[in-house]
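Examination of the molecular architecture
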Amino acid sequence: MAMVYQKGTVYLKGTREKKWYGKFRVYLQDKDGKESEKTRKVVLGPKAKMRKFEAEARLQQIIRQNNGGMLEGGTEMAFDDSVTFDWFVENRYFPIREGRWRPATKKTTEFEIRRYLVSALGSKPMRTLNTFELQVVLNKLAQTYSDSVVRHAYVNLKSILKTARKLKFVPENPGEDLVMPDTKTVEKPTLSTEQIVALVSAVTDTHDLCLLCIGIFCGTRTSEVLGLQWKSWLGDHLLPFGTAHEGQFFAGKLKTGASRDAIPVPEPIRKVIAAWHLQCEDPSPEAFMFATFGRGDRLGSDVPRHGKNFLRWRIHPIAEKLKIPTRLITFQVMRRTLGTDLQKYGTLKDAQRILRHADIKTTGNVYMQAIPESVMMAINKRTRAVLKGRVIEGKSVTVPNGSQLRLKESVSC
């Protein structure tokens, strides 16, 4: 076993110019945990400019820097160069962190780390990483990519290095002094009132209209609207019981505690949902509001829709005919548009509540969640203002008494 303390050896060497040299032991551990001991020699400085006690102090500093972890008994140990950045990310960081990530977050985060960080730092030994090198990587990203990409890389890199320090894979955390570089101005587009009216007026399929209206007028996240079940529909609001990602439903999984709050539904949109409920083939409580057929091992069962596929094949063709840029037809843009417009029709607190950004958790009383009158008033004002004098139409549906119902809601203030 290695000694508890090592002082190292300081000695003079040289003919023309005398220099102080240091010799010390480095205790290494490879990625499989195998330990080894090596001797390392370093130049401490010229004798003319450094006294021996200064050389000894310098050697002690180097010893501490080169031996980062701890052996039994207090002896310091370093990890060798086989522990690279990509090895640490794949074999330590991902396994530790992925249990806390939602499916969509896991896929996106792992892709971004591999694409923007591992591609630049993959073969670098963890113990050699330094603040300068890491800052240069972030600065280069800022020259090409958007603020969100660079900010995610910045946050992920700091998290990786913090974890590495806790696990003693690096002697010190080189990410502590990293700064977020200046980035390009990011465009955050919204839909205009005219574009919204043109789009909802052109959609005639009741299913498509219902899904689109919830996205535009209720501001739901993509995973929330696709995970809605018919038991979520409670007359004047929707209550999410889970989220959907790429056709998979995750019961009880929501982004935050506030995401469990009731989603207020404007009065004109309630009739759209009611009409789709009458027309839907399976309106049972556990059924998905917007289901499609499964494939592979789920053939024959109903599964949640893919958000991108729905927009690409069902809504984008209509938008193109209306000359509305398809980059505006996303649930994120719809949600941002609602948040922007609500500033004109209610208070900031109302907008916070409608978008469920407030940190409010609902537990036992979630089924009886009340919508404050001011919140419902704000979202109703905005919906009426957008649809004033317009008509939302859908296909005819058969109601339980056998008569035909034509979905048609004329909105006026």
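Residues numbered from 1 in each chain as written. Predicted model: local features only at pLDDT ≥ 70, side-chain atom pairs only at ≥ 80, totals over all residues. Heavy atoms only, no water.

1. Digging into helix α9 (residues 267-279)
- With 13 residues, α9 ought to run about 18 Å at 1.5 Å a step, and its terminal C-alpha atoms sit 19 Å apart, in line with that.
- For α9, the full list of buried residues reads Pro268, Ile269, Arg270, Val272, Ile273, Ala275 and Trp276. (Helix = DSSP H or I, 4+ residues; strand = E, 2+ residues; numbered from the N terminus. Expected span 1.5 Å × (residues − 1). Buried < 20%, exposed > 50% of the residue type's maximum accessible area, 1.4 Å probe, protein only.)

2. What about the confidence of the model for the protein?
- The share of residues in the protein with pLDDT of 70 or more is 80%, and the mean pLDDT across the chain is 80.
- Between residues 69-78, whose pLDDT stays under 50, and residues either more than four places distant or in other chains, the model counts 38 contacts.
- Every residue in residues 397-403 scores below 50 in pLDDT, and together they form 11 contacts with partners more than four places removed in sequence or on other chains. (pLDDT = per-residue confidence, 0-100. Contact = heavy atoms within 4.5 Å.)

3. Topic: the pattern of salt bridges
- Across all of its chains, the model carries 12 salt bridges by this definition.
- Notably, a salt bridge pairs Arg314 with Asp205, separated by 3.8 Å at the nearest N-O pair. Residue Arg314 is located in helix α10 (residues 307-321), and its partner Asp205 is located in the loop between α6 (193-202) and α7 (206-218); the two are separated by 109 residues in the primary sequence.
- Its relative accessible area of 37% is what places Arg314 among the partly exposed residues. (Salt bridge = Lys/Arg side-chain N within 4 Å of Asp/Glu carboxyl O.)

4. Looking at the packing of aromatic side chains
- Evaluation of the coordinates by the stated rule reveals six aromatic pairs.
- Geometrically, the ring pair formed by Trp87 and Phe169 is tilted, given 6.2 Å between the ring centres and 40° between the ring planes. Pair noted here: Trp87 is in helix α2 (residues 85-97) and Phe169 is in the loop between α5 (147-166) and α6, with a separation of 82 residues, a long-range link.
- Joined through ring pairs, the aromatic side chains of Trp87, Phe88 and Phe169 make up one cluster.
- The ring of Tyr21 is capped by Lys13, whose NZ or CZ atom sits 5.9 Å from the centre of that ring.
- Here the guanidinium or amino end of Lys231 rests over the ring plane of Phe241, the centre of that ring lying 4.7 Å away. (Phe/Tyr/Trp six-rings, centres within 6.5 Å; stacked < 30°, edge-to-face > 60°. Lys NZ or Arg CZ within 6 Å of the ring centre and 35° of its normal.)

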